[in-house]
Amino acid sequence: MHTPQQDSSAPLSKQSMGAAAVEAGRREPALEAINIVKNFGSLQVLRDVSMTLYRGDITAVVGDNGAGKSTFMKVLSGEHIPDGGQLCVNNREVQLRSTQDAQSYGIETVYQDLALAPDLSVAENVFLGREIKAPGWRGQIGMLDRQLMLEESTRILTELGAKLKSYRATTQSLSGGQRQGVAIARAIKWAQHAILMDEPTAALGTRQRDMVYAAIRAAAGRNLAVLLISHDLPQVLELADRIIVMRQGTAVANLNPAEVTVRDVVDVMLGAKGA
Amino acid sequence: MNHSSSQEALSVNTPTYDDGSTWFSRLREATAFWMFLILLGLVVLFSLISPNHAFLSVNNFFTIALNASQLVLLAVGMTFLLGAREFDLSVGANVVLSSILAARTITSLAGTPDEVAMGNYPHLGPAITAGVLVAIISGTLFGLINGLLVTKLRLSSFLVTLATTAIGLGTALVMTHGANVPDIPRVLQTEFATYRVFDMIPLPVLLSLVLVLLLWFTLAQTRFGVHTLAMGSSPDASRRAGINNARHLLKLFGLMGFLCGIAALLDISRFATTNIGGHQTDNLQAVAAAVIGGTSLFGGIASVPGTLVGTLIPVVLGTGLVIMGLDSFYQLILVGLIVIAAVYIDQRNRQLSI
Ligand SMILES: Nc1ncnc2c1ncn2[C@@H]1O[C@H](COP(=O)(O)OP(=O)(O)OP(=O)(O)O)[C@@H](O)[C@H]1O
Ligand SMILES: [Mg+2]
């Protein structure tokens, strides 16, 4: 039986992450977080969390409820401003003060609650905030190119394997899996470096789950760095290239899915001794 | 995929869609369409039962349009705000205050008090120009103040605009001691409010129509419109999509105020006096028009053509009742009842779709 590489007392150091990268060779970091600290009032939710997301890799973040996974992801997506630590995109230090900042650095997020506007159409949601203007004088008077946006949305979603009856339908008329598909399609459309996903399959049935997992693989296949928060450990073991375990606001282990079992991961998550 | 060169005019005029629906099946889903049928039904009904079919005349039609020309501006502004899940109760107070400021500007610049009281206006041109500017600026400022209070202090627009209603009306009363501003030059009436283009279309109707078409285009076809509905549909979604909700809302309140300023101008030019007591139910009527036309009180769904129809239904009802010899005040009762029905339907639709 393999013993997972773990250290339940000290936070994962940047050096050990670097070593993992060297081991794998040729991997390019897209997004790097170094010693991130986040407090909510007197409550320290993140303590020196470091993590590197590599292009084309799916990095899973697992941990018990309240471990700080969503909070960490929101630091990467610009929603929370960290109280300490550094962020680097493509090896250059950046400040993310808003979700717009993160988007401008090519980082897209699929939120746990999806963040779709339920009354807007699929195409309007995919292009929300980044609408395309019509060519010529029609664009000059502010008119949108609805046809182009519709065709483009249809193309991406078809590529992801989402079968929608209508791309003009409002997103609230879609099933949970289809909605998830729209949110992921939007992220894939705009991400240049990284996609962050918070429990994208939590509310889905098996078939729809598979569709979303296929979409996640597609994102990694496009050479994007993917961060996936999930409680579905068997799936994570199958899907992820690496598993980061968080416990009480720290990243306590960096596991190779090929070398561990679900049981091993759970032990690390809960901090059981001598797994 | 269908390409249509006339796509810009309507979103419902390509023959079939990717889900196989036709333009007609899509039309049937629009509240505005059904309300338009009801409006036609009312017109036919009143035409049949009015003495000598007096209801059905071009002249009566444009009288109705003239009576609706002010309200439709407020209602379209309200349509944008409701679409963004916000609200403005202070539109009537804004119209009153802006009309008083404009009227005062005109009467005090047009000549000496004695001249003005005699109906002499030596400086008519500059006075009217200044009055128009004052109405538009004060209306817009009123709206922007509402918007700033809502966005900066993060207060609900319901409470803010309830408070600014009191402040606006109070200011108007302090300025005038409750007496309307008299002696507004009649040329505003003869050359503008009652002037008929081609001897037919009243100029205020034309002005309102142009503004309504412009705003229809804005809501249905531009980024500004999409962001308005996105905000009303899900403020979180629009914020995360990089839309600055606060700034957008400020623009919407500013637009509402601007439209109140225009409505104030229509008011003083039509009646050659201010109408301090006459705008208490403007807010209700504007919301009613929007809601009747299919705009949702819960945000995210709004229709300018729907609002146009929704404005006309109560006005047609009111005119019809008068022609039938009934008191026009019944109109208000009917509007109240229609609003309750429309809001009930809106709410039920929302619950069904969750
Ligand atoms: N905005 C906030 N204000 C105060 N405390 C917060 C806030 N957001 C999160 N927390 C706290 O931070 C801790 C970590 O929360 P977080 O949502 O990051 O956990 P998580 O790992 O995503 O959990 P789950 O698996 O349940 O989604 C929790 O104790 C939570 O109560
Ligand atoms: Mg979470």
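Enquirer: Please explain the sheet that holds strand β7 (residues 194–198) of chain A as it appears in this structure.
Expert: Across a sheet, paired strands are connected by hydrogen bonds in the backbone, their directions being either parallel or antiparallel. Residues and elements named next belong to chain A. Pairing within the open sheet is mixed, and its six strands lie in the order β6-β7-β8-β3-β9-β10. Unpaired on one side and paired on the other, β6 (107–110) and β10 (250–255) mark the two borders of the sheet. Taking each pair of neighbouring strands and ignoring which way they run, the sheet shows an average axis angle of 20°. Bridging between β6 and β7 involves four bridges; their strand directions are parallel. Bridge assignment links Ile-107 to a residue of β7, and that residue is Ala-194. Sitting on the sheet, helix α10 (residues 262–270) is in contact with β3 (58–63), β9 (242–247) and β10, with an inclination near 30° to β9.

Enquirer: For this particular structure, what's the right way to read empty space enclosed by the protein?
Expert: It is the rolling of a water-molecule-sized probe over the atoms that shows where space remains empty. All chains considered together, the criterion is met by two cavities of 30 Å³ or more. Here the largest cavity defines a volume of roughly 130 Å³. Gln-103, Glu-108, Thr-109 and Tyr-111 of chain A together with Arg-240 of chain B are, among the 14 residues lining the largest cavity, the residues nearest its centre. Breaking the lining of the largest cavity down by element, the ones donating at least two residues are α3 (99–104) and β6 of chain A together with α11 (235–240) of chain B. Grouping the constituent residues of the lining of the largest cavity by class yields six nonpolar, four polar and four charged. Of the volumes computed, that of the second largest cavity is approximately 30 Å³. Taken together, Leu-71, Gln-285, Ala-288, Ala-289, Gly-310, Thr-311, Pro-314 and Val-335 of chain B form the lining of the second largest cavity. Tallied by class, residues from the lining of the second largest cavity come to five nonpolar, three polar and no charged.

Enquirer: Hey, could you run me through the domain arrangement of chain A in this one?
Expert: Size of an interface: often given as the accessible area lost when the parts come together. Residues and elements named next belong to chain A. As far as domains go, chain A holds domain 1 (1–106 + 193–275) and domain 2 (119–190). In total, domain 1 and domain 2 occlude about 1,100 Å² of area from one another, counting both sides; carbon and sulfur atoms represent 65% of this. Broken down residue by residue, the surface that domain 1 buries against domain 2 is led by Met-211, Ala-215 and Arg-222, which jointly contribute 39%. Applying the counting rule to domain 1 against domain 2 returns one salt bridge.

Enquirer: Can you walk me through the sheet that holds strand β4 (residues 84–89) of chain A in this structure?
Expert: All names here are of chain A. Read from one edge to the other, the open sheet built from four strands follows the order β2-β1-β4-β5, with strand pairing classed as antiparallel. Each edge of the open sheet is held by one strand with a lone partner, namely β2 (43–54) and β5 (92–94). Strand after strand, the sheet turns through a mean of 25° between neighbouring axes, direction not considered.

Enquirer: When you look at the side chain of Thr-151 of chain B in this model, what are you seeing that I'm missing?
Expert: On the secondary structure map, Thr-151 of chain B appears in helix α6 (residues 124–152). Polar side-chain contacts of Thr-151 of chain B include one of 2.8 Å to the backbone oxygen of Gly-147 of chain B.

Enquirer: Please explain the packing of aromatic side chains as it appears in this structure.
Expert: What describes a pair of aromatic rings is the distance from one ring centre to the other and the angle between the planes of the rings. Taken as a whole, this structure holds five aromatic pairs over all chains when the rule is applied. Their ring planes at 90° and their centres at 5.8 Å tell us that Phe-127 of chain A and Trp-190 of chain A sit as a pair that is edge-to-face. Placement of the pair is Phe-127 of chain A in the loop between α4 (122–126) and α5 (136–140) and Trp-190 of chain A in helix α7 (residues 176–190), with a sequence separation of 63 residues. Given a relative accessible area of 0%, Phe-127 of chain A falls into the buried group. Seen in terms of ring centroids, Phe-61 of chain B and Phe-62 of chain B are 5.2 Å apart; in terms of plane orientation they differ by 80°. Their pairing is edge-to-face. Under the relative-accessibility criterion, Phe-61 of chain B is labelled exposed at 53%. For Phe-62 of chain B, a relative accessible area of 11% translates into the label buried.

Enquirer: I would appreciate a short explanation of the interface of chain B and chain A in the present structure.
Expert: In this complex, chain B contributes 32 residues to the contact, which on the side of chain A involves 31 residues. Counting across the chain B and chain A interface gives two salt bridges. For Arg-223 of chain B, the salt bridge is made with Glu-131 of chain A, and the minimal N-O distance between the two is 3.5 Å. Taken together, the connections running from chain B to chain A amount to eight residue pairs in polar contact (both at pLDDT 80 or more). Counting only elements with at least two residues in the side of chain B that touches chain A, the list comes to α9 (203–221), α10 (223–233), α11 and α15 (330–353) of chain B. At six residues, the largest contribution of residues to the side of chain B that touches chain A is made by α10 of chain B. Taken together, the residues that form the side of chain B that touches chain A break down as eleven nonpolar, 13 polar and eight charged.

Procedures and definitions
Residues numbered from 1 in each chain as written. Chains lettered and ligands numbered in written order. Predicted model: local features only at pLDDT ≥ 70, side-chain atom pairs only at ≥ 80, totals over all residues. Heavy atoms only, no water. Pairing = 2+ DSSP bridges. Helix = DSSP H or I, 4+ residues; strand = E, 2+ residues; numbered from the N terminus. Axes fitted to C-alpha atoms, helices over the stretch in contact; angles between N-to-C directions. Contact = heavy atoms within 4.5 Å. 1 Å grid on protein atoms, 1.4 Å probe; cavity = no way out; pocket = protein on both sides within 12 Å on 5 of 7 lines; lining within 4 Å. Points joined across faces, edges and corners; volume = space filled by probe spheres on them. Nonpolar A, V, L, I, M, F, W, Y, C, P; charged D, E, K, R; others polar. Domains from an automatic or database assignment. Buried area = accessible area lost by both parts, 1.4 Å probe. Salt bridge = Lys/Arg side-chain N within 4 Å of Asp/Glu carboxyl O. Polar contact = N/O pair within 3.5 Å; in protein donor to acceptor, adjacent residues only side chain to side chain. Phe/Tyr/Trp six-rings, centres within 6.5 Å; stacked < 30°, edge-to-face > 60°. Buried < 20%, exposed > 50% of the residue type's maximum accessible area, 1.4 Å probe, protein only.

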